[in-house]
Structures are given as structure tokens and as C-alpha cells.
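Chain and residue survey
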Amino acid sequence: MIFAHLIANEVMKMLRKRRFQVVLLILFALMAVFSYAEKQAANTLARQLGTADWHVRLQHQITEATNRLRSPLLSAAEKAGLQATIQEGQYELAHDINPYAPGAPSFMKTFMDEGITLLVPLFVIVIASDMVSSELSGGTIKMLLTRGVSRAKVLASKLVALVLLVALLLSAIAVSSYLISGLFFGYQGWGLPVLMGFHTTASGTVDVGHVYTVPQWKYLCMTFGLGFFVCLCIACLSFMVSTLVQSTASSMGIMMAALIAGTLLTTLATSWTAAKYLPVVNLQLSGYLNGSPPPLAGMTFSFSLCVLLIWAALAIVVSFLVFTRRDIMG
Amino acid sequence: MMVGEPVLSVTGLQKRVRGRLIVKDVSFEVGEGEIFGFLGPNGAGKTTTIRMLVGLIRPTAGIIRISGHNLQSNPQEALRQVGCIVENPDLYPYLTGYENLYQLAWMQGPHAVARIAEVAERVRLSDRLHDKVRTYSLGMRQRLGIAQALLGNPRLLILDEPTNGLDPAGIHELRAFLRTLAAQGLSIFISSHLLAEMELLCDRVAIIRDGRVIRTGDIRTLVAEASTDVIWRVEPLDVAWPILCRHATDGRLTRVEGGVRCTMSDEQVSAATLELAERGCKLFEVARQRASLEDVFLQTTGGGLA
């Protein structure tokens, strides 16, 4: 009973803050900009190719990938990526599947697949970093902890509230990306086929033996589900930093630096395989669905899931240990 | 003075931070309906002690009991008896006054929610209750903080330097308000380094210095003990001077405006008066200088008031 009230309090506080409203505003603005840019890019490409026929465009992309594959300067990971593109393209041509079919659901899919490594986690960090540290720096933690409610309960209510807020954020992303991009591309395309079952290893071999298609709405459910899981993991990590650090700004800074460092690691240090145990390297879970090669050798879907899960669990344990024991000094 | 069990009892409290003892030995009791002052210079360990009283800091040693509940072993039950403001009123500036109260009341259950209107009325915030706290003056924030503290219907109110930043009118108002609360049976524990304030407000005080309680007692007794100086208006002075010198505790007299001053006990005063009369001196006035709490403080702490 009291616990439910605590959660309601936390959610209400966050929704009343400018922070959450600003995040939503930025999100809407970005959706509009991305939709516009994508629309423009498609138009330009059609003009360059002289036709809007997707067969031509896809064939063009395959040829380009094949040419680039000859370059001796490519790393194994880049080669694998190109291989995957070629194989996918050929499969799509053979089965008459248009990968460029426009529509709001297609935009949602691209946005989530691309955004989950950096953009969406950034939003999550902005919200989660604030959960505990703002009470510490604002002094309001003293009120929360002197009301005869146990510290573990107070912290747990914040964690549950955070899960709800992350769910709200993802719903906002889903709804706004659909509504806003639909203005540019139309609202059709829920049933378009999406390829699944490509298996690309980091060394560059592509297995097309088990390829099948699912309707786009189903794929979207999966990718948003996985996105939610990834966001929760990021949220737990930020939550821990937020309990350890007094200032919201520094807790946000720490998490953002870690996130960006992780993204850089995946592109720069492909030979340092121990990096695969870092949470920020494992964020692109949906990559395992659509057949992109893993960022580092030895990574599989279940491996990434486990890494994220363990980090999140550790973060929660540390948060609780520290929060229930710490002395709230001035 | 105390009837039954004390509302707050503290025994042998200690706090060590990074190997340094900040609070060395603090013990006292606060009875029902009593206003208890906790006095000491800045840095004496007042705030650390208060934070231990409300469970924000874990004591290294010692026992805190609130209404008989041990704070260490039963913190929830103990803290339900307490309302507090530690340092500043802790408010969310982006919420309205009502929402701030509602947040806390909601934490404590329906009985606290039912008290919101009553408590707001008591601190006279009803008309501004639906404005954002960001727009409140310091005095209003202080009142809202007290309203928060009273929501849970506590038996003990703990206030840390509550007069900080208030103007004289605000201080006067706060004092009257606290007196009313105490008259209704609420115990109030109040820390301050402003002695004049405490003298007007408290029934009893504890004086803390360097992490130790060095005096505890009824404020009138403490002040009376410190009131050792007597001023004499007597003529002729050249006859009276040696007599007074003989009877004074330290054998010394000083000229002050309107007479001479010396340190004497009540017995010494009556003996000196008799002798002055025998020698034909005209005695116009004998006045004991009433010491302030500040004098008590300076005597017991040996100065160094920050």
C-alpha cells in the first residue's frame, strides 16, 4: 500500500520536472528532422539513379558493396558487414522483397535499430541519473528517509518508478516516431515482410540456410521489446551512479562518457576482445535479429543478454548496499 | 519536571568519521511538552547529533530512544514519532506547496493525508498552498517545512537552527508558534547557536562543545548560577569602598556607570549591607546583574563562540 504510494510519488515528481518534458520535446524535434532528412535522401537518390524503382537501387547497393569488398584495407568486421549486406540484398531481389518500402512502421524500425546504441540510451541516462542524486543534492533525501519508511523501500520505489518511466519513454518513442514520420511517408506498411534468420559471424561468413520473413509489426514488437530490455540495463547502471554521486550533472556526465566510450570501442578496438564483457558494447540486440555481424568475435544473442543482465543485477545490488548504509552528511 | 518516560532519551552517543571522533559523549533527555535547546558553537557536533537523532547517520556508539523505541533496532517505529527539519526545509521547488505536503502525507498513510488542510491552516499557508514553492519567501518555506514535520502527528519535533535566515518578525512568530505546540503536549528539540533566541524559547538546554555535552539544566537555574555580579549605588564611596572590597568574592571592585560593581553571593550581599548601615553609609540601590544565557555559555565554554 505505502509502497504503491511511494512509486506514485516518484513518477509524479519526474513527470512534473522540466527534465522529462524537455526529453520529449527533443525527441519530437529529432523525429521530424530525421523523417525529413530520410525523405530528402530518398528523393536525391531517385534523381541520381534516374528511377524510383527499388530493384535498381538495391542492385546498385549490392554492386557497390561487392566493389568495396575488394579493398585490402578492410577489417574482418567491415568485411562481414559488407558480406551481410550483399547476401541480404540478393535474397531480397530473389524473393521480390522491397527493403526500401516507405512508411511510418519502416521508419520506426530504422529509428529503433540505429538509435538503441546511442540516442535512446542517452535519453534514458538523462532521466535515470536524476532519480537519486537530485534528492541528495537538493537535500530532500532527508525528508524521504526520516518518515519512518525503510531506506530499502524508498530506493526500491525509485527503481520501480524508473522502470515505469523507461516504459513510458519507449512508448513515447514508438508513438511519436509513428505519428511524425507518417506525415512524411504515410502510415502504411505494418505487414511488410522483414528478413530474419541471417547468421553472420564476425569473420564474415553468412549463413542464409535458415532465412525466413516476418511481418513488420511482429519485428517491431521484437525490436522494441529488446530495446526496452537494453534501456532497463542502462537505467540500472545510471541508477547506481546516481546513488553513488551527489550531483546530477556529474552522474549524467559519467554515464554519457561511458556510453560514448563504448560506442567508440566497438568501432576502434575490434581486436580487444575482452571489451565484449562491457555492457555498452552489447546494446545492439536487434542486430542479432536482422543479421548484422556482431561488433566483436564471440558475441551471440544469449551472450549479450547475459552480459547486460549481470551488469544490471550488479548495479542494483551495489545501489542498495550503498544506499541503505550510507551516512547522509551535509 | 518529567512525567513518566522521556519522549527522547540519548545516552553516550558517539560518532567517528574517518578515525576522528566528531561526537564524543552526548547524553540528555527531553520530556513531554518540553522545549529543549541544544546549544553550541558551529562545529561542536550539533548537526551530526541531530542527523543521528533522525536516523540519517548511524552512531558509532550510544543509544537513542524515541518514545521508548530504540532508533537503531526499530527505526521505522521510532521515526514515526518524529517530525523534523534538518538544516533547511527540504522542498521540491517545482511542485506546489500542497503537492509537497501531499508527497509526504502519501508516504505516511491516509491519516496524514487527512491532516493536510489542518496543518496548512496551522502554519497559515492555506491561501498560497497551490502556488509553486519556487515562488515562496524564506519564511513561507520555513512554515511549509514545519507543516511537513507536523503531518505525521509527531510527539517530538526536531528543528535544526530554525531561525536561520528569518527576519525578527518571523523569529517572533516562530517562537509563539512553537510555544503553542509545546502547550499542546508536543516536545520540541531545537538546536541553535543564537543564545538570545534560546533563552526566550527553551525550558531546558544542553550545551555542547567539542562533541561533548558540558552542561544540561533548567534555563533559569543556569542563568541564576551565572548571575554573580552586583551593582551598588552607595554614598559616600570612600567609606563604602573598603567594606565592599572585604565582602566581595575576589576582593575586587570596579567603577561602572551609576555605581560600583563586584562579585558577591546573596550572603555576602546581606553582610555587606549590614556593615554599610552601621558605618552610616546611605544605600540607594543594590542590583544583581541578571546574566544572559550568553554569559552562561561563555563561562562554561571558555569563550570561542563562533
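Residues numbered from 1 in each chain as written. Chains lettered and ligands numbered in written order. Predicted model: local features only at pLDDT ≥ 70, side-chain atom pairs only at ≥ 80, totals over all residues. Heavy atoms only, no water.

According to the stated counting rule, one finds 17 aromatic pairs over all chains in the structure shown. Ring plane angle 20° and centroid distance 5.2 Å describe the contact between B:F28 and B:F36, whose orientation is recorded as stacked. On the basis of relative accessibility, which here comes to 5%, the residue B:F28 falls in the buried class. According to the relative accessible area criterion, B:F36 is buried, its value standing at 0%. Positioned over the ring face of A:Y100 is A:R57, at 3.7 Å from the centre of the ring. (Phe/Tyr/Trp six-rings, centres within 6.5 Å; stacked < 30°, edge-to-face > 60°. Buried < 20%, exposed > 50% of the residue type's maximum accessible area, 1.4 Å probe, protein only. Lys NZ or Arg CZ within 6 Å of the ring centre and 35° of its normal.)

Residue placement: A:N9 occurs in helix 1 (residues 2-16). With residues near it in sequence (within four places) discarded, A:N9 still touches B:Q103, B:W106 and B:M107. (Helix = DSSP H or I, 4+ residues; strand = E, 2+ residues; numbered from the N terminus. Contact = heavy atoms within 4.5 Å.)

Our focus in this paragraph is the interface of chain B and chain A. Residue-level contacts link 33 residues of chain B with 32 residues of chain A. Counting the surface chain B buries against chain A, the share from its top three residues, B:L56, B:W106 and B:M107, is 24%. Put simply, B:D90 and A:K142 hold a salt bridge, and the shortest N to O gap is 3.4 Å. Linking chain B with chain A are 15 residue pairs in polar contact (both at pLDDT 80 or more). At the level of elements, strand 1 (8-17), helix 2 (75-79), strand 6 (82-85), helix 3 (97-108) and helix 6 (138-150) of chain B are the ones that each hand at least two residues to the side of chain B that touches chain A. For the side of chain B that touches chain A, the leading source of residues is helix 3 of chain B, giving six residues. (Buried area = accessible area lost by both parts, 1.4 Å probe. Salt bridge = Lys/Arg side-chain N within 4 Å of Asp/Glu carboxyl O. Polar contact = N/O pair within 3.5 Å; in protein donor to acceptor, adjacent residues only side chain to side chain.)

This next bit is on the domain arrangement of chain B. Structurally, chain B comprises domain 1 (8-224) and domain 2 (228-289). Relative to domain 2 of chain B, the C-alpha centre of domain 1 of chain B lies at a distance of 46 Å. (Domains from an automatic or database assignment.)

Adjacent strands of a sheet pair through backbone hydrogen bonds, lying either parallel or antiparallel. Residue and element names in this part refer to chain B. Strand order in the open sheet formed by four strands is 12-13-11-14, with antiparallel pairing between adjacent strands. Strands with a single pairing partner mark the edges of an open sheet, and in this sheet they are strand 12 (254-256) and strand 14 (282-288). Ignoring which end each strand starts from, the neighbouring axes of this sheet average 30° apart. Of the strands in this sheet, strand 11 (229-235), strand 12 and strand 13 (259-263) are in contact with helix 10 (residues 237-247), which crosses strand 11 at around 150°. (Pairing = 2+ DSSP bridges. Axes fitted to C-alpha atoms, helices over the stretch in contact; angles between N-to-C directions.)

Take the environment of A:V166 next. All names here are of chain A. The residue V166 is located in helix 9 (residues 151-185) in this model. V166 sits 63 residues away from F229 along the chain, and the two C-alpha atoms are 9.8 Å apart. Ignoring anything within four residues of it in the chain, the contact list for V166 reads V124, F228, C231, L232 and A235.

Here the focus is the pattern of salt bridges. One pass over the structure, following the stated rule, counts 24 salt bridges over all chains. In this structure, B:R155 engages B:E32 in a salt bridge whose closest nitrogen and oxygen atoms are separated by 3.6 Å. You can see B:R155 sitting in the loop between helix 6 and strand 7 (156-160) and its partner B:E32 sitting in the loop between strand 2 (20-30) and strand 3 (35-39), a full 123 residues away along the chain. Classification of B:E32 as exposed rests on a relative accessible area of 52%. Here B:R246 makes a salt bridge to B:E275, at a shortest N to O gap of 2.9 Å. Taken together, the positions of B:R246 in helix 10 and B:E275 in helix 11 (residues 266-278) put the pair 29 residues apart, joining distant regions of the chain. On the basis of relative accessible area, B:R246 is assigned to the exposed category, the value being 53%. A network of salt bridges, in which partner residues are shared, links A:E10, A:K13, A:E135 and A:K158.

Of all eight residues that make up helix 1 (residues 46-53) of chain B, seven are buried, and the element is covered over most of its length. Taken as a whole, helix 1 of chain B has its buried residues at B:K46, B:T48, B:T49, B:I50, B:R51, B:M52 and B:L53.

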